[in-house]
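What follows is each chain in one-letter form.
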Amino acid sequence: MAEYSYIPPYPTTLRKWFDCKLHQPLNGELQLSSKVDFHLEVPTATDVAVVIGQKWHMLNNQEDSWKGAIYTGGLSGKLRVYAKFNASGESYSPLLEYTITSSHCY
């Protein structure tokens with residue numbers, strides 16, 4: 001009988017994810033109560049944020065890449081990455097969705 005190992009899913013891409021590149025995290029399931037490094041390229045964004053519940057964590061723009069270390073917190077649920085494409089506007093568009101989970105499958 002063959003043994004199968006668990007392969008974690010990639011994060012879900014949402015409607016504005018085009019011409020973008022994800023460097024990390026590639027795993028769509030993030031561990032509860034852990035620090036996660038984010039690194040992505042969103043060429044025309046003026047701001048990029050990671051949102052957990054109602055808390056917004058702004059990523060830093062470093063030479064056309066957006067980076068930051070985010071603590072996932074103590075509650076399971078969804079984590080989304082949003083971007084703003086108009087510097088004078090206040091509207092953010094969803095790019096990626098992750099699941100924060102307490103199970104450690106990988």
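This text goes with the structure placed above it.
Residues numbered from 1 in each chain as written. Predicted model: local features only at pLDDT ≥ 70, side-chain atom pairs only at ≥ 80, totals over all residues. Heavy atoms only, no water.

A few words now on the environment of Pro11. Position of Pro11 among the secondary structure elements: in the segment before strand 1 (12-13). For Pro11 and Leu95, which are 84 residues apart along the polypeptide, the C-alpha to C-alpha distance reads 9.9 Å. The residues touching Pro11, leaving out its near neighbours within four places in the chain, are Leu22, Pro25, Leu26, Asn27, Gly28, Glu97 and Tyr98. (Helix = DSSP H or I, 4+ residues; strand = E, 2+ residues; numbered from the N terminus. Contact = heavy atoms within 4.5 Å.)

Counting 23 residues, the largest nonpolar core has Phe38, Leu40, Val42, Val48, Leu79 and Val81 as the members making the most contacts within it. Looking at this core, the elements with two or more residues in it are strand 4 (35-41), strand 5 (47-52), strand 8 (65-71), strand 9 (77-84) and strand 10 (93-101). With four residues, strand 10 is the largest single contributor of residues to this core. Once residues lying within four places of it in the same chain are set aside, the contact partners of Leu79 are Leu30, Phe38, Val50, Val51, Ile52, Leu96, Glu97, Tyr98 and Ile100. (Core = buried A, V, L, I, M, F, W, Y, C linked by side-chain atoms within 4.5 Å. Buried < 20%, exposed > 50% of the residue type's maximum accessible area, 1.4 Å probe, protein only.)

Omega for the bond connecting Gln24 with Pro25 falls within 30 degrees of zero, at -5°, which places this linkage in the cis form. Along the chain, Pro25 falls in the loop between strand 2 (21-24) and strand 3 (29-31). Located in the positive-phi region is Ser33, a residue other than glycine, with phi close to 55°. The topology assignment puts Ser33 in the loop between strand 3 and strand 4. Phi at Asp64 takes a positive value of approximately 70°, unusual for a residue other than glycine. Positionally, Asp64 belongs in the loop between strand 7 (60-62) and strand 8.

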